[in-house]
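Each chain is listed here by its residues.
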Amino acid sequence: MDSESNDKSSHKGSMPAAAPAGADDLEAIDQLVPFEGAGQERRTRQSLVPLLDAPLPREQGPTMASTEIGPLPPAVEATLEFDDAGGAPCRLSKTVTVIGRVSSASDLVLPWNEEVSREHAAILYSEGRFFLEDLQSHNGTSVNDARIERVLLRSGDRIRIGAQVLTFRLGSS
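Everything numeric in this text was worked out from a predicted model, so none of it was measured.

Colleague: With reference to specific residues and values, describe the nonpolar core.
Modeller: Across soluble globular proteins, nonpolar side chains have a tendency to be buried as a group. In terms of nonpolar packing, the biggest core is built from 23 residues, with Leu 80, Ile 123, Phe 130 and Ile 159 touching the most fellow members. Those elements giving two or more residues to this core turn out to be β1 (78-82), β5 (121-126), β6 (129-134), β10 (158-161) and β11 (164-170). Not counting the four nearest positions on each side in its chain, Ile 123 is found in contact with Leu 80, Leu 92, Thr 95, Val 96, Thr 97, Ile 99, Phe 130, Phe 131, Leu 132, Leu 153 and Ile 159. Among the nonpolar cores identified, the runner-up in size contains five residues, and Val 96, Ala 122, Leu 124 and Phe 131 belong to it.

Colleague: Just give me the short version of the pattern of salt bridges, but keep the residues and values in it.
Modeller: Evaluated as defined, the whole model comprises four salt bridges. Asp 107 serves as the salt-bridge partner of Lys 94, at 2.7 Å between the closest nitrogen and oxygen. Note that Lys 94 is positioned in the loop between β2 (90-91) and β3 (96-100) and Asp 107 in the loop between β3 and β4 (108-109), a separation of 13 residues in sequence. Classification of Asp 107 by relative accessible area gives partly exposed; the value is 39%. Between Glu 133 and Arg 150 there is a salt bridge, with the nearest N and O atoms lying 3.0 Å from each other. Separated by 17 residues along the polypeptide, Glu 133 in strand β6 and Arg 150 in strand β9 (residues 150-152) bring together distant segments of the chain. Note on Arg 150: relative accessible area 39%, which makes it partly exposed.

Colleague: Got a sec to walk through the sheet that holds β3? Specific residues and values, please.
Modeller: Spatial strand order, β4-β3-β5-β6-β9: five strands in an open sheet with mixed pairing. The open sheet is flanked by β4 and β9, the only strands paired with a single partner. Note that β6 and β9 share three bridges and pair antiparallel. Bridge pairing links Glu 133 to Arg 150 in β9.

Colleague: Quick one: what's the story with unusual backbone geometry, residue by residue and with numbers?
Modeller: Even without glycine at this site, Asn 144 takes up a positive phi of about 50 degrees. Residue placement: Asn 144 occurs in the loop between β7 (141-143) and β8 (146-148). Residue Asn 144 is classed as partly exposed on the basis of its relative accessible area of 43%.

Colleague: Now, about the sheet that holds β2: what can you tell me, with residues and values included?
Modeller: Spatially, the six strands line up as an open sheet ordered β2-β1-β11-β10-β7-β8, and their pairing is antiparallel. Here the strands that pair on one side only, and so sit at the sheet edges, are β2 and β8. Two strands pair when backbone bridges link them, and β1 and β2 are joined in this way by two bridges, in the antiparallel orientation. Paired with Thr 79 across the two strands is Arg 91, which belongs to β2.

Conventions and cut-offs
Position numbers for residues start from 1 in each chain and track the written sequence from start to end. At least 70 in pLDDT is required for a residue's local features to be given in this predicted model, at least 80 for side-chain atom pairs to be given and counted, and no such filter applies to totals for whole chains, interfaces and linings, which use all residues. As a rule here, side-chain values come from all non-hydrogen atoms in the structure, and water together with hydrogens is ignored. In plain words, nonpolar cores are sets of buried Ala, Val, Leu, Ile, Met, Phe, Trp, Tyr and Cys residues tied together by side-chain atoms within 4.5 Å. Each residue is assigned to one of three classes by its accessible area relative to the maximum for its type, calculated with a 1.4 Å probe on protein chains only: buried under 20%, partly exposed between the two thresholds, exposed over 50%. Working definition: helices are DSSP H or I runs of at least four residues, strands are E runs of at least two. Numbering for both runs from the N terminus. For this analysis, residues touch if any pair of their heavy atoms sits within 4.5 Å. Take a side-chain nitrogen of Lys or Arg and a carboxyl oxygen of Asp or Glu: if they are within 4 Å of each other, that pair is a salt bridge. When DSSP finds two or more bridges between a pair of strands, those strands are recorded as paired.

Keep in mind these numbers describe shape, not what the thing actually does.
The following block contains the structure:
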C-alpha cells in the first residue's frame, strides 16, 4: 500500500484538517454558510466572486442589460437629474447603469423609495444611443408617462421609477 492510499484511509470518519489562515478560511466558511440574500439556489460568496470578472452572457433572453459593461466613450456625456431638490445630477459613466433600491445590486440607488425594486431598470449605451429597459420590476418603469419595457432615450425624457422622477440629459449639463 502506498502512502497516498494510507493517507486516505486514515482520514475516514475523522474531521477534515483545519484550513490554513487567509483566503482558505473564507472558502471553508462559504461552504458551510450561504451568502446573505441567497435565493432558492445555494449561492456563496465563493461562487459569486468569479462572476464579477466574467463577461455577462448575451443569450439570456430579450434583455439588453445582459450586454458587457464597459466605460462610456470619452466624447459621450449623459446625466440623470433628480426632479426634486434631493440630489445632484448623476453623470453616467458606464455602458450599463442599473437603477434600484439596493446598493449592492445597483449603480444609482434610490433606497428611500419602497416602490423601487432591488434592480429596477437599466440605462444602456449601445451603438451610439441610450436605451432604458425595465428589469421586470414589480411596479414598472415609465418614460414621459408611458409604461415601457425598453425604449430609446432622448434628451429631456422624464423617467419615473416608483415615486422618483429623473430627467435624462444628453451632452454636457
